[in-house]
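# Close look at the chain arrangement
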Amino acid sequence: MPEASPGADCAAVAVGGLRYRWPKADVDCLAIDDLTLAAGERVFLRGPSGSGKTTLLSLVGGVIQPQAGGICVAGQPLSRLSAGARDRFRADNIGFVFQLFNLLPYLSARDNILLACRFSAARRARLRAAGVTAQAEAGRLAARLDLDAEALERPAAELSVGQQQRVAAARALIGRPGLIIADEPTSALDADRQQAFVDLLLGECAASGAALLFVSHDLRLAAHFDRVLDLAQINHATAVEAGA
Amino acid sequence: MTPMLALSLRSIGNRRLSVALTVIAVALSVALLLGVERLRNDAREGFAQTISGTDLVVGARGGAVQLLLYSVFHIGNASNNVSWQSMQRIAALPQVKWLVPISLGDSHRGMRVVGTTADFFAHYRHGAGRALAFAQGRAFAAVPDGIFEAVVGAEVAARFGYRPGQRIVLSHGSLGGEGGPRFADHADKPFTIVGALARTGTPVDRSVLVGLEGIEAIHIDWHGGAPIPGLSIAPEQVRKFDLSPKSVTAALVGLDSRIAVFRVQRQINTMAGEPLTAILPGATLQELWSLVGMAERALLAVSALVVAVGLAGLVAVVVASLGERRRELAILRALGASPLQIFALLAFESLLLSLAGIVLGLGLLYGAVAVAAPWLAAQYGLNLVPGWPSAGEWRLLGVVLGASLAASLVPAWRAYRYSLADGLTIRI
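Residues numbered from 1 in each chain as written. Chains lettered and ligands numbered in written order. Predicted model: local features only at pLDDT ≥ 70, side-chain atom pairs only at ≥ 80, totals over all residues.

### A short note on the overall build of chain B
- In terms of regular secondary structure, chain B is built from twelve helices and 17 strands.
- Each of the 428 residues in chain B was classed as buried or not, and the buried ones make up 40%.
- Of all intrachain contacts in chain B linking residues separated by at least 6 positions in sequence, the fraction that spans at least 24 positions is 80%. (Helix = DSSP H or I, 4+ residues; strand = E, 2+ residues; numbered from the N terminus. Buried ≥ 20, exposed ≤ 12 C-beta atoms within 10 Å, placed from the backbone. Contact = placed C-beta atoms within 7 Å.)

In structure tokens:
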């Protein structure tokens, strides 16, 4: 393992007694008694659409707050933070890769990667401590993810979907956040490129020591993960909002 | 906040066409509003200064507005004339510096004929103390050579294509006009045009100016508004007669010191022998403007509505773009932007666009003023003053800015709601 990311001694994610209900909904969407990701652990969370996985990711990201239960990320209970502090905490400690449309179309691939550092003083500080500039780190990550220098300077709108997803991965990884959350990041890719992307992501998370919470409905991709969980089994909510 | 502002600029650059069109719409509406405000002010200013440098206007006893209307605007007729003796007594008052008599009653092709003295050209002022200027030729000469000489105003010269050297015939009476009821012409005694005045934007433009003796001369063989049957005196012979005027319609009076104006006014109003009225033209002009000034307010209201439409368009464009940009906002949220930062991003963007519109509108206005001012002055005698926005215009700009600030809150609030509701995924 490389140098410890913040909170490496405690779990990357610890969820206990969680209850979440969408505003105006009659029943709970999520009821999870226990879900823990160890630091640096790479977990595949299987969840068919409508199983509440996006809600879970929003909760772990601190974008929404549960009605009951606690969520700790890198040892920090999110409920103890103010809304603004949660936003900063998310910028500092969590990298996101979405299904589609990860990038701002009017920025170059490089600027999209650097955006994560712009929002986070902690990521910039970690890069400084490691003795690299953000620019150099963006270039290094891009090279690791098979993005050539020419693609790095192109506007994001002109990149292929595969390139866009790799730029998104680089942006999530830059500045070494302790946790990477990926939400169906391969669903827009061709079948033969899906596994390649998952392997890249797994490799880079291992290299930076980040825990990975990879959410997908497609179990074929689960092969190289440390652990595979099924959201339907850990979520005890009686009903789930459709499409959430 | 700084990365957000930089992002906002990049995002605007990405949508430059629709943004540019919106900014242009706001700019046009702002230019219209300020243009109307400026024209309104300059028209009022110009109207208030139809006659300036004249301290008192004197006429027969009557209402102040009526006296101003017939003596300066040539609208309506005097109820009575003022005797020449009274004129001489007023001119002899110690505080009076100059007195220019005016004799009305005749016309030429619908334009008023003003009988006066050559002093009129020296003392009549309009606008900010601008004197009359000759576009062509000169003033009419003194008696006896100048009896049948005339000077035409800019509108008269332009409409009928008059130039110095042409001969014109005056008509008795001041009603009608071209195609109107024909009154008897003074065809036996034509006048020669010796000069044409530059445009002033005042009723002088629509006047034919002749000497008082000329007015006497064309009426020497008339009595009671009609030629005396059997009596005809040729132009060459009129010089032998006494052509000094018996009475005039009104007089413009200038004083040595403005401080004395109320004292002289009272002296004239209470003068024994003849009931007279003296008015302060500036004050009466303001009174008159309060009557005719309704239209300008309506105009301002309409242009204010145009600005409201422009800003509504801006809000519509920004709000419509939000639909496409919800993904962008969700990405920013995931990267750590707070809902307040999203709010600020959109508010900043709308405010920036309105500011750009306002600045561009000001530029348009100044460009238009620079281009149009000489033309407006020449065509309509309207003097647009280039220069920094007046206090009133700053106030209008402030109101526009306030309105755009309020308008910018609409998309910002929507974006704020979206960013709270969407979280990290776009729920469309």
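### Overview of the sheet that holds strand S3 (residues 42-46) of chain A
Residue and element names in this part refer to chain A.
- Read across the open sheet, the five strands follow the order S6-S7-S8-S3-S9; overall the sheet is parallel. The sheet terminates laterally at strand S6 (94-97) and strand S9 (227-230), the two strands that pair on one side only. Direction aside, the axes of adjacent strands within the sheet are offset by 20° on average.
- Bridge count between strand S7 (residues 179-183) and strand S8 (residues 211-216): five bridges; the pairing is parallel. Bridged to Asp-183 within S8 is Val-215.
- Contacts between helix H7 (residues 161-173) and the sheet are confined to S6 and S7, with S6 contributing the most and set at about 170° to the helix.
- Here helix H8 (residues 191-208) sits on the sheet in contact with S3, S7 and S8, set at roughly 160° to S8. (Pairing = 2+ DSSP bridges. Axes fitted to C-alpha atoms, helices over the stretch in contact; angles between N-to-C directions.)

### Considerations on the pairing of S8(A)
Residue and element names in this part refer to chain A.
- Most of S8 sits inside the fold, with six of its six residues counted as buried.
- Side-chain alternation along S8 places Ala-211, Leu-213 and Val-215 on one buried face and Leu-212, Phe-214 and Ser-216 on a second face that is also buried.
- Sheet analysis places S3 next to S8, joined by five bridges and oriented parallel. Pairing of Arg-42 across the sheet is with Leu-212, part of S8.
- Read as a crossover between parallel neighbours, the route from S7 over H8 to S8 is right-handed. (Right-handed = clockwise from strand over helix to strand, strands pointing away.)

### Section: the nonpolar core
- If you look at the biggest cluster of nonpolar residues, it comprises 107 residues, and the most contacted ones within it are A:Ala170, A:Leu179, A:Ile180, A:Leu212 and A:Leu213.
- The element contributing the most residues to this core is helix H10 (residues 294-334) of chain B, with ten residues.
- Excluding its chain neighbours within four sequence positions, the residues that come into contact with A:Leu212 are A:Arg42, A:Val43, A:Ile180, A:Ala182, A:Leu201, A:Leu202 and A:Cys205.
- Grouped together as the second largest cluster of nonpolar side chains are 60 residues, B:Leu67, B:Leu68, B:Ile193 and B:Ile279 included. (Core = buried A, V, L, I, M, F, W, Y, C linked by C-beta atoms within 7 Å.)

### Focus on helix H2 (residues 83-93) of chain A
- For H2(A), the set of buried residues is A:Arg86, A:Asp87, A:Phe89, A:Arg90, A:Ala91, A:Asp92 and A:Asn93.
- Looking at the buried side of H2(A), the elements it contacts are strand S4 (68-73), strand S5 (76-77), S6, helix H3 (109-119), helix H4 (121-129) and S7 of chain A.

### Section: the interface of chain A and chain B
- Counting residues at the interface gives 24 residues for chain A, matched by 17 residues for chain B.
- Listed by contribution, the elements that provide at least two residues to the side of chain A that touches chain B are helix H1 (53-60), H2 and H3 of chain A.
- Looking at the side of chain A that touches chain B, the element that brings in the most residues is H2(A), giving six residues.
- Grouping the amino acids of the side of chain A that touches chain B by side-chain chemistry returns 14 nonpolar, six polar and four charged. (Nonpolar A, V, L, I, M, F, W, Y, C, P; charged D, E, K, R; others polar.)

### Overview of unusual backbone geometry
- A positive phi angle, close to 50°, is found at A:Ala74, a residue other than glycine.
- When you line up the elements, A:Ala74 lands in the loop between S4 and S5.

### Examining the environment of B:Ala6
- On the secondary structure map, B:Ala6 appears in helix H1 (residues 2-14).
- Taking C-alpha positions, B:Ala6 is 9.7 Å from B:Leu345, a pair spaced 339 residues apart along the chain.

### Let's talk about the environment of A:Phe101
- In this structure, A:Phe101 sits in the loop between S6 and H3.
- Placed 60 residues apart in sequence, A:Phe101 and A:Val161 show a C-alpha to C-alpha distance of 8.9 Å.

### Overview of the sheet that holds strand S2 (residues 30-37) of chain A
Residue and element names in this part refer to chain A.
- An order of S2-S1-S4-S5 is seen for the four strands of this open sheet, with the pairing classed as antiparallel. Each having just a single partner strand, S2 and S5 make up the two edges of the open sheet.
- Pairing geometry for S4 and S5, over two bridges, is antiparallel. Its bridge partner lying in S5, Val-73 is registered against Gln-76.

### Some details on the packing of helix H2 (residues 16-48) of chain B against H10(B)
Residues and elements named next belong to chain B.
- As a packed pair, H2 and H10 sit with axes 9 Å apart at the nearest point and diverge in direction by 165°. Here H10 runs roughly antiparallel to H2, going by the angle between their axes. Considering only the axes of H2 and H10, their crossing is left-handed.
- Across the contact of H2 with H10, the residue classes break down as 16 nonpolar, six polar and three charged. (Parallel < 35°, antiparallel > 145°, perpendicular 65-115°, else oblique. Left-handed = near helix turned anticlockwise from the far one by under 90°.)

### Some points on the pairing of S7(A)
- For S7(A), the tally of buried residues reaches five of five residues, placing the bulk of the element in the interior.
- Both faces of S7(A) are covered, namely the face carrying A:Leu179, A:Ile181 and A:Asp183 and the face carrying A:Ile180 and A:Ala182.

### Considering the packing of H2(B) against helix H9 (residues 281-292) of chain B
All names here are of chain B.
- Contact geometry of H2 with H9 gives a least axis separation of 9 Å together with a crossing angle of 135°. When the axis of H2 is compared with that of H9, the two are oblique. Residues Arg-44, Phe-47 and Ala-48 of H2 pack against Gly-282, Leu-285, Gln-286 and Trp-289 of H9.
- Here the residues of the contact of H2 with H9 sort into four nonpolar, two polar and one charged.

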